[in-house]
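# Coordinate analysis (summary)
Chain by chain, the residues:
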Amino acid sequence: QMVWESGCVVVVMLTPLAENGVRQCYHYWPDEGSNLYHIYEVNLVSEHIWCDDFLVRSFYLKNLQTNETRTVTQFHFLSWYDQGVPSSTRSLLDFRRKVNKCYKGRSCPIIVHCSDGAGRSGTYILIDMVLNKMAKGAKEIDIAATLEHLRDQRPGMVQTKAQFEFALTAVAEEVNAILKALPQ
Ligand SMILES: *[C@@H]1O[C@H](CO)[C@@H](O)[C@H](O)[C@H]1NC(C)=O
């Protein structure tokens, strides 16, 4: 319903469905064919495994009240566990590039979720916000202030020191990549 009401076309999922047998997130899409959720029919159109760390699913949504249909793409990062960090910044940055390439030019919100929407989601959103600011040519980047701004809106965003360090490392890595790509 939130996807529908916000006109969302890109969903970022940062948790596996279960960790050590403990459910992390509701399985809100069909593994094949279609499922009905309230008045929304969700059809799985495709599932593309990009690498060990993430896959991309495409859904066809139908609102049975209006018969309106839409397409939604879900980017699912599989190897980031609760309270932890991804095994490499490279895979997460690669993942983010694919998300933003798909989103490009749109103005609807991207829905980002994990299990509690704070640790992993906060870390991803922090990295994405900082890199987007950089891409827009911000003269000054203050990562701690950006996190504070995020936490004003949702407490607990970025839960561990390791997650904050991961965000800093990911930003540094991207800056390095930009520097390397500059004409000599
Ligand atoms: C939606 O489609 C069904 C089946 O074709 C039709 O019976 C119904 O009247 C349609 N509803 C609207 C709101 O167009």
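Residues numbered from 1 in each chain as written. Predicted model: local features only at pLDDT ≥ 70, side-chain atom pairs only at ≥ 80, totals over all residues. Heavy atoms only, no water.

## Concerning a negative patch on the surface
The condition is simple: Only residues whose relative accessible area exceeds 30% and that form no salt bridge enter a patch; like-charged residues are grouped when within 9 Å of one another, and nonpolar side chains (Val, Leu, Ile, Met, Phe, Trp, Tyr) when within 5 Å. A 1.4 Å probe and the Shrake-Rupley method give the accessible areas. Residues count as covered only by the protein chains that appear here. Salt bridges are counted wherever a side-chain nitrogen of Lys or Arg sits within 4 Å of a carboxyl oxygen of Asp or Glu. Counted as positive: Lys and Arg. Counted as negative: Asp and Glu. His and the chain ends are not counted at all. Throughout, a charge is located at the NZ atom of Lys, the CZ atom of Arg, the CG atom of Asp or the CD atom of Glu. Segments assigned H or I by DSSP are reported as helices when at least four residues long, segments assigned E as strands when at least two residues long, and all are numbered from the N terminus.
Residues Glu140, Asp142, Glu148 and Asp152 make up a contiguous surface patch of negative charge. One can find Glu140 in the loop between α3 (119-135) and α4 (143-153).

## Focus: the pattern of salt bridges
As a reminder, the rule being used: Only protein chains enter the accessibility calculation, which uses a 1.4 Å probe; a residue is then buried when its area is under 20% of its type maximum, exposed when over 50%, and partly exposed in between.
The final tally for this structure, using the stated rule, is eight salt bridges. Between Arg120 and Asp82 there is a salt bridge; the shortest N-O distance is 3.7 Å. In this pair, Arg120 sits in helix α3 while Asp82 sits in the loop between β7 (68-77) and α2 (89-103), placing the two residues 38 residues apart along the sequence. The class of Arg120 is buried, set by a relative accessible area of 1%. With relative accessibility at 32%, the residue Asp82 sits in the partly exposed group. One salt bridge in this structure joins Lys161 and Glu165, with 3.3 Å as the shortest N-O distance.

## What about the layout of surface pockets?
What counts here: Buriedness of a pocket was judged along seven lines, with at least five required to meet protein on both sides within 12 Å; pockets are open sets of points on a 1 Å grid over the protein atoms alone, cavities are sets where a 1.4 Å probe fits but cannot get out, and lining residues have an atom within 4 Å of a point. Grid points are joined across faces, edges and corners, and a volume is the space filled by probe spheres set on the points. Three classes are used, and their members are as follows: Ala, Val, Leu, Ile, Met, Phe, Trp, Tyr, Cys and Pro are nonpolar, Asp, Glu, Lys and Arg are charged, and the others, Gly among them, are polar.
In this structure, the largest pocket spans a volume of roughly 960 Å³. Around the largest pocket, the lining is made up of 35 residues, and of these Ile110, Val112, Ile125, Asp128 and Asn132 lie nearest the centre. Breaking the lining of the largest pocket down by element, the ones donating at least two residues are α2, β8 (111-113), α3, α4 and α5 (161-181). Looking at the lining of the largest pocket element by element, the count peaks at nine residues for α3. Residues that form the lining of the largest pocket fall into these classes: 18 nonpolar, nine polar and eight charged. Within this model, the second largest pocket holds a volume of roughly 440 Å³. In terms of lining residues, the second largest pocket is bounded by 17 residues, among which Gln1, Met2, Val3, Tyr28 and Val42 are the most central. Listed by contribution, the elements that provide at least two residues to the lining of the second largest pocket are α1 (2-5), β5 (40-49), β6 (54-63) and β8. For the lining of the second largest pocket, the leading source of residues is α1, giving three residues. Class assignment of the residues belonging to the lining of the second largest pocket gives a composition of 14 nonpolar, three polar and no charged.

## Description of α2
Here is the rule we go by: Each residue after the first adds 1.5 Å to the expected span of a helix. By definition in these notes, contact holds between two residues if any of their heavy atoms fall within 4.5 Å.
Here α2 contains 15 residues, and its C-alpha end-to-end distance of 21 Å stays within 8% of the 21 Å for a straight helix at 1.5 Å per residue. Every buried residue belonging to α2 is among Thr89, Ser91, Leu92, Leu93, Phe95, Arg96, Val99 and Tyr103, and all of these are buried. Where α2 is buried, its residues touch β1 (10-13), β6, β7, α3 and α5. The positive-phi residue at the C-terminal boundary of α2 is Gly105, with phi of around 85 degrees.

## Points about the packing of α3 against α5
Definition in use: Here an angle of 0 to 180 degrees is reported between the N-to-C directions of two axes, which are lines fitted to C-alpha atoms, with helices fitted over the stretch in contact. Note on terminology: angles under 35 degrees are roughly parallel, angles over 145 are roughly antiparallel, angles of 65 to 115 are roughly perpendicular, and the others are oblique. Should the near helix be turned anticlockwise from the far one by less than a right angle, the crossing is left-handed, and should it be turned clockwise, the crossing is right-handed.
Two elements in contact, α3 and α5, have axes whose closest approach is 10 Å; the angle formed by their N-to-C orientations is 30 degrees. With respect to each other, α3 and α5 are oriented roughly parallel. The interaxial crossing formed by α3 with α5 has right-handed handedness. Contacts from Gly119, Arg120, Thr123, Leu126, Ile127, Val130, Leu131 and Met134 of α3 reach α5 at Gln163, Phe164, Phe166, Ala167, Ala170, Val171, Glu174, Val175 and Ile178. Looking at the contact of α3 with α5 residue by residue, the classes come out as 12 nonpolar, three polar and two charged.

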